[in-house]
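Coordinates in review
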Amino acid sequence: MTEIATARRSRITPEREAELYEAVLELLREVGYDALTMDAVATRTRSSKATLYRQWGGKAELVVKALRHNKPSRLDEIDTGSIRGDLHALVAREDDCTMEQNSALMRGVAMAMHHNDDLRQAFREQLIEPEMTAFQQVLRRAVDRGEIRPDCPALDFLVHMLVGGFVTRALIENQPPTQPFLTSYLDAVVLPALGVPTT
């Protein structure tokens, strides 16, 4: 990246960036990914479209960065001393109302990814891969502490199990994920699969 491009990108303050991301998420909730336009974001945020494109390149990158900014904290910042404590702390990061809103938002984005290659690629690069790396760190610590056997076959499926808890709650029971549901799911499904005691 050139010095000029870096200078251009640095003109937006962190506070202004947070405002822009919140506006993007509001629009995403209101109209969905496909109907969301850079024009609408520019109008909502009183920005120029040129500034938005210069800063984010396009809609997919802007949406994914807004989703990433909305995450409560980084997984690699959680270290309670046990895998059970880490996973419970992960669930406790968001209250039930926020979890319901974010779950609906992510379902909409997941649907849009089926026919938007640029969104799928940005989502994978900026959200999925960093999360997978962070989960691997959490699991590595648990293995190093002797909580999980290094050859445990469920190690490769932790993220799949966690995503499954979110998705199937809505699909099967028509209910949003909640802290009590996810905590019970961790203790009944995820931790036993990893060979970790839940008491």
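Overview of the structure. (Residues numbered from 1 in each chain as written. Predicted model: local features only at pLDDT ≥ 70, side-chain atom pairs only at ≥ 80, totals over all residues. Heavy atoms only, no water.)

**Concerning the overall build of the protein chain**
The following threshold applies: Put simply, DSSP marks the helices as runs of H or I at least four residues long and the strands as runs of E at least two long, and each gets a number from the N terminus on. A simple rule labels every residue: compare its accessible area, found with a 1.4 Å probe on the protein chains alone, to the largest value its type can have, and call it buried under 20%, exposed over 50%, or partly exposed in between. Between two residues, a contact is recorded if the distance between any of their heavy atoms is within 4.5 Å. Note on areas: Shrake-Rupley with a 1.4 Å probe; residue coverage comes only from the protein chains shown. Charged residues are defined narrowly, with Lys and Arg counted positive, Asp and Glu counted negative, and His plus the chain ends left uncounted. Note on charges: their place is set at NZ of Lys, CZ of Arg, CG of Asp or CD of Glu.
Looking only at helices and strands, the protein chain has 10 helices and 0 strands in total. N-terminal to C-terminal, the α/β element order of the protein chain is α-α-α-α-α-α-α-α-α-α. Referenced to the eigenvectors of the C-alpha coordinate spread, the extents of the protein chain come out at roughly 55 × 40 × 30 Å. Of all 199 residues assigned to the protein chain, the portion counted as buried reaches 37%. Within the protein chain, contacts between residues at least 6 apart in sequence are counted, and of these 65% link residues at least 24 apart. As displayed, the protein chain offers around 11300 Å² of accessible surface, 54% of which is attributable to carbon and sulfur atoms. Charge centroids of the protein chain, computed over 24 positive and 29 negative side chains, lie 5 Å from each other.

**Observations regarding the pattern of salt bridges**
Should their charged atoms come close, side chains of opposite charge can pair. As a reminder, the rule being used: When a carboxyl oxygen of Asp or Glu is within 4 Å of a side-chain nitrogen of Lys or Arg, the pair counts as a salt bridge.
Scanning the entire structure with this criterion turns up 14 salt bridges. Taking the shortest distance from any N to any O, the salt bridge between Arg149 and Asp151 comes out at 2.8 Å. Residue class for Asp151 comes out exposed when judged on its relative accessible area of 55%. Note that Glu173 is salt-bridged to Arg169, the shortest N-O span being 2.6 Å. Here Glu173 and its partner Arg169 are both found in helix 9 (residues 158–173), 4 residues apart, which amounts to about one turn of the helix. Residue classification places Arg169 among the buried positions, given a relative accessible area of 13%.

**Looking at the packing of helix 2 (residues 14–35) against helix 3 (residues 38–45)**
Applied cut-off: What counts as an axis is a line fitted to C-alpha atoms, over the stretch in contact for a helix, and the angles between N-to-C directions run from 0 to 180 degrees. Roughly parallel covers angles under 35 degrees, roughly antiparallel covers those over 145, roughly perpendicular covers 65 to 115, and oblique covers all other angles. Crossing handedness is read from the near helix: turned anticlockwise from the far helix by less than a right angle, it gives a left-handed crossing, and turned clockwise, a right-handed one. Following the grouping adopted for this structure description, the nonpolar residues are Ala, Val, Leu, Ile, Met, Phe, Trp, Tyr, Cys and Pro, the charged ones are Asp, Glu, Lys and Arg, and the polar ones are all others, Gly among them.
Running from N to C, helix 2 and helix 3 point in directions that differ by 125°, and their axes come no closer than 10 Å. Judged by the inter-axis angle, helix 2 sits oblique to helix 3. In the packing of helix 2 onto helix 3, the handedness of the crossing is right-handed. Contacts between helix 2 and helix 3 involve Arg16, Leu20, Ala23, Val24, Glu26, Leu27 and Glu30 on the former and, on the latter, Ala40, Val41, Arg44 and Thr45. Within the contact of helix 2 with helix 3, the residues separate by chemical class into 6 nonpolar, 1 polar and 4 charged.

**Description of the packing of aromatic side chains**
Here the distance between the centres and the angle between the planes together describe a pair of aromatic rings. Inclusion rule: Note on aromatic contacts: the rings of Phe and Tyr and the six-membered ring of Trp form a pair at centre separations within 6.5 Å, being stacked when their planes are under 30 degrees apart, edge-to-face when over 60 apart, and tilted otherwise. Both a distance and an angle decide whether a charge sits over a ring: NZ of Lys or CZ of Arg must be within 6 Å of the ring centre and within 35 degrees of the ring normal.
With the rule as written, the count across this model stands at 2 aromatic pairs. Relative to Trp56, the ring of Tyr21 lies with its centre 5.7 Å away and its plane at 65°, an arrangement referred to as edge-to-face. Of the two residues, Tyr21 sits in helix 2 while Trp56 sits in helix 4 (residues 49–56), which places them 35 residues apart along the sequence. Note on Trp56: relative accessible area 1%, which makes it buried. Ring centres of Phe181 and Tyr185 lie 6.1 Å apart, and the angle between their planes is 15°; this geometry places the pair in the stacked category. Remark: Tyr185 and Phe181 occur in helix 10 (residues 179–194); sequence separation between them is 4 residues, near one turn of the helix. The cationic tip of Lys59 hangs over the ring face of Tyr33; the distance from NZ or CZ to the ring centre is 4.2 Å.

**Things to note about the environment of Lys71**
Counting through the fold element by element, Lys71 comes out in the loop between helix 5 (59–70) and helix 6 (83–91). Taking the C-alpha atoms as reference, Lys71 lies 9.1 Å from Arg93; in sequence the two are 22 residues apart. Among residues more than four places away in sequence, those in contact with Lys71 are Arg93, Leu127 and Glu131.

**Quick look at the nonpolar core**
Using the following cut-off: Buried residues of nine kinds, namely Ala, Val, Leu, Ile, Met, Phe, Trp, Tyr and Cys, make up a nonpolar core once their side-chain atoms join them within 4.5 Å.
The biggest cluster of nonpolar side chains holds 28 residues, and the ones touching the most others in it are Leu28, Val63, Leu67 and Leu119. Ranked by the residues each element gives to this core, the list is headed by helix 2, at 7 residues. Among residues more than four places away in sequence, those in contact with Leu119 are Tyr33, Ala60, Val63, Val64, Val109, Ala112 and Met113. Counting 27 residues, the second largest nonpolar core, distinct from the first, contains Ile148, Leu155, Met161 and Val190.

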